[in-house]
Amino acid sequence: MLPDDRRPIGVFDSGVGGLTVLRALMERLPHEATVYLGDTARVPYGTKSAEVVTRYSLANARFLLARDVKLLVIACNTASAVGLEALAQQLPIPVLGVIEPGAKVAAARTRTGRVGVIGTPGTVRSGAYARALKRARADLVVTSRACPLFVPLAEEGWTTGEVPRLVARQYLSELATTGVDTLVLGCTHYPLLQGVIAEVMGDGVTLVDSAAAVAEAAEAVLQERGLLAAKAATPPAHAYFVTDTPDRFLEVAGRFLGRPVEQAEQVDIRPV
Ligand code: DGL
């Protein structure tokens, strides 16, 4: 008999950025129910210490576990970079981060062996991408750059035009001259700025967004463990929770998810 596990997939991010990963999950796994938590009261994670981000991540994971999720996807590069190990050790369900899947795609794509990584200060400081890329291919030369202003630009929906172009130029002009042919968008907000990032990096550079690779990895884990949901008569439910008032989240969520989010419930996450 085919497996039919109707428990949802739990997904969390510091805010709305993880919706780019949720979108890929929904596209690849259309029969799966999901529960999304955006820790909007404590965003951004990217500028906070590893210790604090890990603590927040554990609290988020506990919240989702209480909603009976069968798989946890850390849809935030910063939380994946610093907290994946702790979460995988402490949780009784499989846990996926976004770093490893994205790194594998980049390692497979590059021809020159020179890979660029852009992310939040926390992600870049952790060195998690450089390690994952070298695990995938030891001879890679990795150049990383923190681009903190991309997050508020994406949140504001300011993704085209002169302002994001200037910011992208400031962050990336030097990186564009280092011979990288592959650039990892190592932050869940950055896919929204793909246009200006591609413009500054030039035609010869492939941008890697880990969302699709994460969805593929999620499918593989569910399949391996017999946790997939079968197609049901009614479409699966998708629930949204946030830790600050939902108005702002609801306003911008559609841009990240590719479809409007009608309702999100505000919750109080107990610190661990
Ligand atoms: N979503 C976070 C990430 O992918 C970026 C936003 C933040 O700094 O919290 O790293």
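Our structure is the block above this text.
Q: Help me out: how do you make sense of the packing of helix 4 (residues 99–109) against helix 10 (residues 210–224) in this one?
A: When two helices pack together, their arrangement is given by the angle between their axes and by how far apart the axes lie. Packing of helix 4 against helix 10 leaves a shortest axis separation of 8 Å and a crossing angle of 115°. In terms of orientation, helix 4 lies roughly perpendicular with respect to helix 10. Judged by the twist between their axes, the crossing of helix 4 over helix 10 is right-handed. Contacts between helix 4 and helix 10 involve Pro101, Gly102 and Val105 on the former and, on the latter, Ser210, Ala213, Val214 and Ala217. Its residues placed into classes, the contact of helix 4 with helix 10 shows five nonpolar, two polar and no charged.

Q: For this particular structure, what's the right way to read the pattern of salt bridges?
A: Between side chains of opposite charge, a pair can form when the charged atoms approach closely. As enumerated under the stated definition, the model contains 14 salt bridges in all. For Arg23, the salt bridge goes to Glu27, with nearest N and O atoms at 3.8 Å. Taken as a pair, Arg23 and Glu27 lie in helix 1 (residues 19–28) at a separation of four residues, close to a single helical turn. With a relative accessible area of 34%, Arg23 lands in the partly exposed category.

Q: What am I meant to see in helix 9 (residues 194–201) here?
A: One turn of an α-helix holds 3.6 residues; hence residues three or four places apart share an orientation. Those residues of helix 9 that fall on the buried side of the exposure criterion are Val196, Ile197, Val200 and Met201. Taken end-on, helix 9 shows its buried residues confined to a sector of 130°, consistent with a single buried face. Check the buried side of helix 9 and you find it contacts strand 5 (114–119), helix 7 (150–156), helix 8 (162–172), strand 7 (182–186) and strand 8 (206–209). The positive-phi residue at the C-terminal boundary of helix 9 is Gly202, with phi of around 95°.

Q: Looking at this structure, I do not really get the packing of aromatic side chains. What am I missing?
A: In this description, a pair of aromatic rings is defined by centroid distance and the angle of the planes. Overall, the coordinates contain six aromatic pairs when judged by the stated rule. Measuring from ring centre to ring centre gives 6.4 Å for Tyr36 and Tyr240, while their planes differ by 50°; the resulting arrangement is tilted. On the criterion of sequence distance, the pair formed by Tyr36 in strand 2 (residues 34–38) and Tyr240 in strand 9 (residues 238–242) is long-range, its members being 204 residues apart. The class for Tyr240 is buried, based on a relative accessible area of 10%. Measuring from centroid to centroid gives 5.2 Å for Phe150 and Tyr190, while their planes differ by 90°, and the two rings are edge-to-face. On the criterion of sequence distance, the pair formed by Phe150 in helix 7 and Tyr190 in the loop between strand 7 and helix 9 is long-range, its members being 40 residues apart. With a relative accessible area of 0%, Phe150 lands in the buried category. The class of Tyr190 is buried, set by a relative accessible area of 0%. An aromatic cluster of three or more residues is present, and its members are Tyr36, Tyr240 and Phe249.

Q: Looking at this model, I keep getting lost on the sheet that holds strand 3 (residues 71–74). Mind explaining?
A: To summarise the sheet geometry, strands pair through backbone hydrogen bonds and adopt either a parallel or an antiparallel arrangement. Spatially, the six strands line up as an open sheet ordered 4-3-1-2-9-10, and their pairing is parallel. Two strands bound the open sheet, and with one partner strand each, they are strand 4 (95–96) and strand 10 (265–266). Looking at chain direction, strand 9 and strand 10 are connected through two bridges and run parallel. Its bridge partner being in strand 10, Val242 is matched across the sheet by Gln266.

What counts as what
Residues numbered from 1 in each chain as written. Predicted model: local features only at pLDDT ≥ 70, side-chain atom pairs only at ≥ 80, totals over all residues. Heavy atoms only, no water. Axes fitted to C-alpha atoms, helices over the stretch in contact; angles between N-to-C directions. Helix = DSSP H or I, 4+ residues; strand = E, 2+ residues; numbered from the N terminus. Parallel < 35°, antiparallel > 145°, perpendicular 65-115°, else oblique. Left-handed = near helix turned anticlockwise from the far one by under 90°. Contact = heavy atoms within 4.5 Å. Nonpolar A, V, L, I, M, F, W, Y, C, P; charged D, E, K, R; others polar. Salt bridge = Lys/Arg side-chain N within 4 Å of Asp/Glu carboxyl O. Buried < 20%, exposed > 50% of the residue type's maximum accessible area, 1.4 Å probe, protein only. Arc of directions from axis to C-beta. Phe/Tyr/Trp six-rings, centres within 6.5 Å; stacked < 30°, edge-to-face > 60°. Pairing = 2+ DSSP bridges.

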